[in-house]
Amino acid sequence: MGVMMKIVRAGLLATVSGVSLLVMAAPGAHAAGMPQLDFHNPLVTGQVIWGAVIFLGFYLVLSQVMLPRVGRVLEDRSKRISGDLDVARSAKQDADKAVAELQQARKDAMAEAQANLQKTLDAEQQAADQKLAEINARLSAEIADAEKRIAAEKAQAFGTLKEIAADTTQALVSRLTGVTPDAQLVAQKVDGAIAHQNI
(Lines give C-alpha, C1' and ligand atoms only; values in the text may rest on other atoms or scores of the structure.)
Protein backbone atom coordinates (compact mmCIF):
# COMPACT_ATOMS: atom_id res chain seq x y z
CA MET A 1 0.00 0.00 0.00
CA GLY A 2 2.79 2.43 0.88
CA VAL A 3 4.60 1.92 -2.46
CA MET A 4 1.47 2.56 -4.51
CA MET A 5 0.72 5.73 -2.54
CA LYS A 6 4.24 6.99 -3.22
CA ILE A 7 3.88 6.29 -6.95
CA VAL A 8 0.52 8.09 -7.17
CA ARG A 9 1.81 11.07 -5.19
CA ALA A 10 4.93 11.33 -7.34
CA GLY A 11 2.82 11.22 -10.51
CA LEU A 12 0.43 13.88 -9.26
CA LEU A 13 3.25 16.11 -8.07
CA ALA A 14 4.93 15.84 -11.45
CA THR A 15 1.67 16.74 -13.16
CA VAL A 16 1.02 19.73 -10.87
CA SER A 17 4.59 21.00 -11.21
CA GLY A 18 4.39 20.60 -14.98
CA VAL A 19 1.16 22.58 -15.07
CA SER A 20 2.62 25.30 -12.86
CA LEU A 21 5.67 25.54 -15.12
CA LEU A 22 3.43 25.94 -18.11
CA VAL A 23 1.43 28.64 -16.36
CA MET A 24 4.55 30.53 -15.40
CA ALA A 25 6.15 30.17 -18.82
CA ALA A 26 7.25 33.31 -20.62
CA PRO A 27 4.85 34.87 -23.09
CA GLY A 28 7.16 33.94 -25.95
CA ALA A 29 6.85 30.26 -25.08
CA HIS A 30 3.84 29.87 -27.25
CA ALA A 31 4.11 29.62 -30.94
CA ALA A 32 1.73 29.89 -33.77
CA GLY A 33 -0.12 26.66 -34.35
CA MET A 34 0.06 25.58 -30.69
CA PRO A 35 -2.99 27.09 -29.02
CA GLN A 36 -2.61 24.87 -25.96
CA LEU A 37 0.41 27.02 -25.00
CA ASP A 38 -1.43 30.30 -25.33
CA PHE A 39 -2.05 31.11 -21.68
CA HIS A 40 -3.56 34.48 -22.51
CA ASN A 41 -6.55 32.60 -23.82
CA PRO A 42 -9.04 32.18 -20.94
CA LEU A 43 -10.07 28.75 -22.25
CA VAL A 44 -6.54 27.38 -21.86
CA THR A 45 -6.27 28.76 -18.34
CA GLY A 46 -9.63 27.25 -17.42
CA GLN A 47 -8.62 23.92 -18.90
CA VAL A 48 -5.40 23.94 -16.95
CA ILE A 49 -7.21 24.83 -13.71
CA TRP A 50 -9.92 22.23 -14.30
CA GLY A 51 -7.28 19.64 -15.17
CA ALA A 52 -5.49 20.39 -11.91
CA VAL A 53 -8.82 20.14 -9.99
CA ILE A 54 -9.66 16.84 -11.68
CA PHE A 55 -6.21 15.45 -10.95
CA LEU A 56 -6.51 16.60 -7.34
CA GLY A 57 -9.94 14.91 -7.14
CA PHE A 58 -8.50 11.70 -8.58
CA TYR A 59 -5.65 11.94 -6.12
CA LEU A 60 -8.01 12.35 -3.17
CA VAL A 61 -10.31 9.53 -4.32
CA LEU A 62 -7.37 7.22 -4.93
CA SER A 63 -5.51 8.06 -1.73
CA GLN A 64 -8.54 8.13 0.59
CA VAL A 65 -10.88 5.50 -0.90
CA MET A 66 -9.31 3.19 -3.47
CA LEU A 67 -5.78 2.68 -2.18
CA PRO A 68 -6.88 1.80 1.39
CA ARG A 69 -9.24 -0.81 -0.08
CA VAL A 70 -6.48 -2.21 -2.28
CA GLY A 71 -4.17 -2.17 0.75
CA ARG A 72 -6.74 -4.06 2.84
CA VAL A 73 -7.23 -6.60 0.05
CA LEU A 74 -3.46 -7.10 -0.23
CA GLU A 75 -3.10 -7.34 3.55
CA ASP A 76 -6.00 -9.84 3.79
CA ARG A 77 -4.50 -11.85 0.96
CA SER A 78 -1.09 -11.80 2.63
CA LYS A 79 -2.66 -12.95 5.91
CA ARG A 80 -4.61 -15.69 4.13
CA ILE A 81 -1.50 -16.90 2.31
CA SER A 82 0.47 -16.81 5.56
CA GLY A 83 -2.30 -18.75 7.32
CA ASP A 84 -2.44 -21.29 4.49
CA LEU A 85 1.33 -21.70 4.68
CA ASP A 86 1.08 -22.24 8.45
CA VAL A 87 -1.65 -24.82 7.91
CA ALA A 88 0.44 -26.52 5.21
CA ARG A 89 3.50 -26.57 7.48
CA SER A 90 1.42 -28.01 10.31
CA ALA A 91 -0.07 -30.63 7.97
CA LYS A 92 3.42 -31.53 6.74
CA GLN A 93 4.65 -31.92 10.32
CA ASP A 94 1.63 -34.12 11.11
CA ALA A 95 2.26 -36.18 7.97
CA ASP A 96 5.95 -36.57 8.82
CA LYS A 97 5.01 -37.60 12.34
CA ALA A 98 2.46 -40.11 11.02
CA VAL A 99 5.04 -41.55 8.60
CA ALA A 100 7.59 -41.88 11.42
CA GLU A 101 4.98 -43.59 13.63
CA LEU A 102 4.04 -45.93 10.78
CA GLN A 103 7.66 -46.86 10.16
CA GLN A 104 8.20 -47.46 13.87
CA ALA A 105 5.03 -49.59 14.05
CA ARG A 106 6.25 -51.57 11.03
CA LYS A 107 9.63 -52.16 12.67
CA ASP A 108 7.93 -53.21 15.93
CA ALA A 109 5.59 -55.56 14.06
CA MET A 110 8.52 -57.12 12.19
CA ALA A 111 10.46 -57.57 15.43
CA GLU A 112 7.41 -59.12 17.12
CA ALA A 113 6.78 -61.41 14.15
CA GLN A 114 10.44 -62.49 14.19
CA ALA A 115 10.25 -63.18 17.93
CA ASN A 116 7.02 -65.18 17.49
CA LEU A 117 8.55 -67.12 14.60
CA GLN A 118 11.63 -67.93 16.66
CA LYS A 119 9.47 -68.96 19.62
CA THR A 120 7.38 -71.21 17.36
CA LEU A 121 10.49 -72.74 15.80
CA ASP A 122 11.98 -73.38 19.25
CA ALA A 123 8.73 -75.02 20.43
CA GLU A 124 8.58 -77.19 17.29
CA GLN A 125 12.23 -78.17 17.70
CA GLN A 126 11.64 -79.08 21.33
CA ALA A 127 8.55 -81.14 20.41
CA ALA A 128 10.49 -82.87 17.63
CA ASP A 129 13.38 -83.64 20.00
CA GLN A 130 10.95 -85.03 22.57
CA LYS A 131 9.19 -87.18 19.99
CA LEU A 132 12.56 -88.40 18.67
CA ALA A 133 13.61 -89.30 22.22
CA GLU A 134 10.33 -91.20 22.72
CA ILE A 135 10.80 -93.05 19.43
CA ASN A 136 14.41 -93.88 20.32
CA ALA A 137 13.35 -95.15 23.75
CA ARG A 138 10.58 -97.26 22.23
CA LEU A 139 12.93 -98.64 19.58
CA SER A 140 15.56 -99.38 22.20
CA ALA A 141 12.97 -101.24 24.29
CA GLU A 142 11.74 -103.16 21.24
CA ILE A 143 15.33 -104.01 20.23
CA ALA A 144 16.13 -105.21 23.76
CA ASP A 145 12.95 -107.31 23.81
CA ALA A 146 13.77 -108.73 20.38
CA GLU A 147 17.32 -109.54 21.51
CA LYS A 148 15.91 -111.32 24.57
CA ARG A 149 13.51 -113.34 22.41
CA ILE A 150 16.30 -114.16 19.95
CA ALA A 151 18.58 -115.22 22.83
CA ALA A 152 15.79 -117.37 24.29
CA GLU A 153 15.02 -118.94 20.93
CA LYS A 154 18.74 -119.43 20.29
CA ALA A 155 19.13 -121.10 23.69
CA GLN A 156 16.10 -123.25 22.96
CA ALA A 157 17.47 -124.10 19.53
CA PHE A 158 20.85 -124.97 21.03
CA GLY A 159 19.12 -127.11 23.64
CA THR A 160 17.23 -128.95 20.92
CA LEU A 161 20.39 -129.12 18.84
CA LYS A 162 22.27 -130.75 21.75
CA GLU A 163 19.58 -133.38 22.05
CA ILE A 164 19.57 -133.99 18.30
CA ALA A 165 23.39 -134.10 18.24
CA ALA A 166 23.50 -136.50 21.18
CA ASP A 167 20.86 -138.78 19.66
CA THR A 168 22.59 -138.65 16.26
CA THR A 169 25.98 -139.40 17.83
CA GLN A 170 24.57 -142.34 19.79
CA ALA A 171 22.90 -143.74 16.67
CA LEU A 172 26.10 -143.39 14.59
CA VAL A 173 28.35 -144.94 17.24
CA SER A 174 25.87 -147.71 17.79
CA ARG A 175 25.60 -148.41 14.09
CA LEU A 176 29.32 -148.19 13.42
CA THR A 177 30.51 -150.15 16.44
CA GLY A 178 27.44 -152.15 17.22
CA VAL A 179 27.79 -151.10 20.86
CA THR A 180 25.38 -148.63 22.48
CA PRO A 181 27.47 -145.86 24.01
CA ASP A 182 26.86 -144.28 27.40
CA ALA A 183 24.34 -141.46 27.01
CA GLN A 184 26.05 -139.32 29.64
CA LEU A 185 29.43 -139.65 27.95
CA VAL A 186 27.94 -138.77 24.55
CA ALA A 187 26.24 -135.69 26.08
CA GLN A 188 29.57 -134.55 27.57
CA LYS A 189 31.36 -134.93 24.24
CA VAL A 190 28.61 -133.05 22.38
CA ASP A 191 28.76 -130.26 24.97
CA GLY A 192 32.53 -130.08 24.60
CA ALA A 193 32.27 -129.91 20.80
CA ILE A 194 29.64 -127.15 20.96
CA ALA A 195 31.72 -125.20 23.47
CA HIS A 196 34.74 -125.59 21.17
CA GLN A 197 32.67 -124.28 18.20
CA ASN A 198 31.46 -121.26 20.19
CA ILE A 199 35.00 -120.31 21.11
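Residues numbered from 1 in each chain as written. Predicted model: local features only at pLDDT ≥ 70, side-chain atom pairs only at ≥ 80, totals over all residues. Heavy atoms only, no water.

- Identification of the protein chain as ATP synthase subunit b from Acetobacter malorum DSM 14337 is taken from an unreviewed UniProt entry.
- The annotation that UniProt attaches to the protein chain under Sequence similarities (unreviewed entry) is "Belongs to the ATPase B chain family." (UniProt positions renumbered as here; feature names shortened; annotations may be inferred.)

A closer look at the pattern of salt bridges
Turning to step 1, where the next piece is worked out: All chains considered together, the criterion is met by five salt bridges.
Turning to step 2, where the next piece is worked out: A salt bridge links R89 to D86; the shortest N-O distance between them is 3.0 Å. Here D86 and R89 lie together in helix α2 (residues 42-177), a separation of three residues that amounts to about one turn.
Turning to step 3, where the next piece is worked out: Residue D86 is classed as partly exposed on the basis of its relative accessible area, which comes to 44%.
Turning to step 4, where the next piece is worked out: The salt bridge involving R138 is made with E142; its shortest N-O contact spans 3.9 Å. Pair noted here: R138 and E142 are both in helix α2, with a separation of four residues, about one helical turn.
Turning to step 5, where the next piece is worked out: Among the residues examined, R138 registers a relative accessible area of 48% and is labelled partly exposed.
Turning to step 6, where the next piece is worked out: For E142, a relative accessible area of 44% translates into the label partly exposed. (Salt bridge = Lys/Arg side-chain N within 4 Å of Asp/Glu carboxyl O. Helix = DSSP H or I, 4+ residues; strand = E, 2+ residues; numbered from the N terminus. Buried < 20%, exposed > 50% of the residue type's maximum accessible area, 1.4 Å probe, protein only.)

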